[in-house]
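Fold and contact review
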2 protein chains.
Amino acid sequence: MVGMTNTDRPRRCEPTRQAILQAARERFACEGYDRTTIRAIAADANIDPSMVMRYFGNKEQLFAAAAKFDLHAPDLSETPPEERADRLVRHFIRLWEGDLADSSLQILLRCALTNETAAERMRLIFAEQVIPLVTTGIDPDEAVERSGLVASQMLGLALCRYVLRLPAVVALDSERLATWIAPTIRRYLTEPRAPIPSAREIQAGNDFLNGKPAN
Amino acid sequence: MVGMTNTDRPRRCEPTRQAILQAARERFACEGYDRTTIRAIAADANIDPSMVMRYFGNKEQLFAAAAKFDLHAPDLSETPPEERADRLVRHFIRLWEGDLADSSLQILLRCALTNETAAERMRLIFAEQVIPLVTTGIDPDEAVERSGLVASQMLGLALCRYVLRLPAVVALDSERLATWIAPTIRRYLTEPRAPIPSAREIQAGNDFLNGKPAN
DNA sequence: ATTGTAGGCCAACATCTGTTGACATGTCCA
DNA sequence: TGGACATGTCAACAGATGTTGGCCTACAAT
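Residues numbered from 1 in each chain as written. Chains lettered and ligands numbered in written order. Predicted model: local features only at pLDDT ≥ 70, side-chain atom pairs only at ≥ 80, totals over all residues. Heavy atoms only, no water.

Here we take up helix α4 (residues 59–66) of chain A. Residue and element names in this part refer to chain A. Among the residues of α4, L62, F63, A64 and A66 are the ones counted as buried. Among the structural elements, α1 (14–35), α2 (38–44), α3 (49–56), α6 (104–112) and α7 (116–135) are those in contact with the buried residues of α4. Regarding α4, its N-cap is N58, as a side-chain oxygen of that residue lies 3.2 Å from the backbone nitrogen of E60 further along. (Buried < 20%, exposed > 50% of the residue type's maximum accessible area, 1.4 Å probe, protein only. Helix = DSSP H or I, 4+ residues; strand = E, 2+ residues; numbered from the N terminus. Contact = heavy atoms within 4.5 Å. Polar contact = N/O pair within 3.5 Å; in protein donor to acceptor, adjacent residues only side chain to side chain.)

This is the structure we're talking about:
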């Protein structure tokens, strides 16, 4: 039995295991990967630090276990693309508002910037859960591009509102927020690809790049 | 002279000082606050770790010095709101693409999630530089709300493309990116406030929240 | 030449971190 | 009763990190 972790078979020590996991999630979510210490997690779970090691091997594997989660994304394959945006935005805002229980997003956002495991998992979740979510019924060639745009807005929202807590973004109530963001997502999902910029826009852009003043 | 740092008066040791600052910026930008060590910075600058302390007091103050920067935002007060979005988006994309010299954004983004000084500075920059940038010529009552929305999209873009490096977002060439993002920003800046959602949208939202299936 | 001082280096400190191994306890089965 | 094994505690190690103080060297002013 030497070298065998308790991860392997079902046990009645699950309560302890869950206590560790929950403590880990909270710590990782609000302090990031580096500032979270095994000792602090153990203290939160009222056990000895060495127990954490026995249950999860090492910090990295503990994080992997704590960051394993599902988006719980709704099945939108039946929803026409025009409505999809509204449902998507409202779904995630609602999910994130009730952040007490599920801090998965915070964990990933806060850790992905310094921990490579977290970053990799973020890309994985994006590839496996976001792209398919957005893809159904959309030209597959365009799906990746559109998903990226959707992600940029949705993650930006999550970042400003729930992690950085920029006052201006926190102040908006969730309904108004959805009303602002949903059309953006709808456009990223449905607007014909490669919209041609107007001549005026091109000119403005070029002028700007060449240092000409406005007007 | 005891207790006096070299910060106070002009010196001919500026080269060393600058070397430290540059090394610090690079480390902070790509490894975040916690993973960046004084020793590593010192090694990059080819000096002794204790020199860093002498020049900047402590890690926190060094970070404060390294994270002091300006957005170099263009003056858009003369630009009509409709054009402002395009110029703004293109300005920042252009700034960020040439990231070799100026990694200011990466420093802030990567450190703001774990370091309170960085987070505070982020809010400050937002309040002092972003809001005014967007405000001119817009109803001041609406400026904060609109700025927040702009920030959510622009920071989300920066996050996905330059920090998380989500392949889907990295793949887009900058021109196409600007063409996608600019209309979003334009809407956030100019669309009449509190757009009323269509009856259908409200119904879809309620249905969804109540767990009804789509269609 | 002496001296004051700024710029720089070296060695060490105290602390914190992940991690390990030895030892105690408790529980279930033979 | 006794032993196997899971569950948990204690103490410690080894390495890294921020930080400090002492010492050396160059050099300009006296």
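This part covers the layout of surface pockets. In this structure, the largest pocket spans a volume of roughly 200 Å³. Looking at the lining of the largest pocket, the elements with two or more residues in it are α7 of chain A together with α1 (14–35) of chain B. The residue makeup of the lining of the largest pocket, split by class, is 6 nonpolar, 2 polar and 6 charged. (1 Å grid on protein atoms, 1.4 Å probe; cavity = no way out; pocket = protein on both sides within 12 Å on 5 of 7 lines; lining within 4 Å. Points joined across faces, edges and corners; volume = space filled by probe spheres on them. Nonpolar A, V, L, I, M, F, W, Y, C, P; charged D, E, K, R; others polar.)

Formed by 134 residues in total, the largest nonpolar core has its most connected members in L62 of chain A together with L62 of chain B. Not counting the four nearest positions on each side in its chain, L62 of chain A is found in contact with I20, L21, A24, F28, I38, I41, V52 and F56 of chain A. (Core = buried A, V, L, I, M, F, W, Y, C linked by side-chain atoms within 4.5 Å.)

Further remarks concern the interface of chain A and chain B. The interface is formed by 68 residues belonging to chain A together with 67 residues belonging to chain B. Between chain A and chain B, roughly 6100 Å² of surface is buried when both sides are summed, and carbon and sulfur atoms account for 65% of that area. Run the count over chain A and chain B and you get 4 salt bridges. One salt bridge connects D34 of chain B with R35 of chain A, and the closest N-O pair in it is separated by 3.3 Å. Viewed at the interface, chain B and chain A are joined by 20 residue pairs in polar contact (both at pLDDT 80 or more). The set of elements that each furnish at least two residues to the side of chain A that touches chain B consists of α1, α5 (81–97), α6, α7, α8 (140–163), α9 (167–171), α10 (174–190) and α11 (199–209) of chain A. Considering each element in turn, the side of chain A that touches chain B owes the most residues, 14 residues, to α8 of chain A. Of the residues in the side of chain A that touches chain B, the class split is 34 nonpolar, 12 polar and 22 charged. (Buried area = accessible area lost by both parts, 1.4 Å probe. Salt bridge = Lys/Arg side-chain N within 4 Å of Asp/Glu carboxyl O.)

What follows covers the relation of the copies chain A and chain B. With an axial shift of 0.0 Å and an RMSD of 0.1 Å, the rotation relating chain A to chain B amounts to 180°. The relationship between the two copies is best expressed as a two-fold rotation axis. Among all C-alpha atoms of chain A, that of G156 of chain A lies closest to the rotation axis, at 1.7 Å. Most of the interface of chain A is mirrored in chain B: 99% of its interface residues are interface residues there too. (Least-squares fit on C-alpha atoms with pLDDT ≥ 70 in both.)

Quick look at the packing of α6 of chain A against α8 of chain A now. All names here are of chain A. α8 packs onto α6 with a crossing angle of 100° between their chain directions and a minimal axis gap of 11 Å. As the angle between them shows, α6 and α8 are arranged roughly perpendicular. On the side of α6, the interface is formed by L105, Q106, L109 and R110, while α8 contributes L155, A158, L159, Y162 and V163. Its residues placed into classes, the contact of α6 with α8 shows 7 nonpolar, 1 polar and 1 charged. (Axes fitted to C-alpha atoms, helices over the stretch in contact; angles between N-to-C directions. Parallel < 35°, antiparallel > 145°, perpendicular 65-115°, else oblique.)

Attention now goes to the confidence of the model for chain A. Model confidence for chain A is summarised by a mean pLDDT of 85, while 82% of its residues fall at 70 or above. In the model, residues 1–10 of chain A has pLDDT below 50 throughout and makes 8 contacts with residues more than four positions away in sequence or in other chains. (pLDDT = per-residue confidence, 0-100.)

So, on to the pattern of salt bridges. All names here are of chain A. Counted under the stated rule, the structure contains 24 salt bridges over all chains. Residue E14 pairs with R17 through a salt bridge whose shortest N-O separation is 3.9 Å. Here E14 pairs with R17, and both are found in helix α1, just 3 residues apart, close to one helical turn. In this structure, a network of salt bridges that share partners links the residues R27, E31 and D44.

On the secondary structure map, E145 of chain A appears in helix α8. Using a relative accessible area of 6% as the deciding quantity, one classes E145 of chain A as buried. For E145 of chain A, the side chain forms a polar contact with the side chain of R176 of chain B, separated by 3.0 Å.

Two elements in contact, α10 of chain A and helix α10 (residues 174–190) of chain B, have axes separated by 11 Å at closest approach and are oriented at 160°. Classified by the angle between their axes, α10 of chain A and α10 of chain B sit roughly antiparallel to one another. Handedness of the α10 of chain A/α10 of chain B crossing: right-handed. Side by side, α10 of chain A and α10 of chain B meet where W180, I181, P183, T184, R187 and Y188 of chain A of the first sit next to W180, I181, P183, T184, R187 and Y188 of chain B of the second. (Left-handed = near helix turned anticlockwise from the far one by under 90°.)

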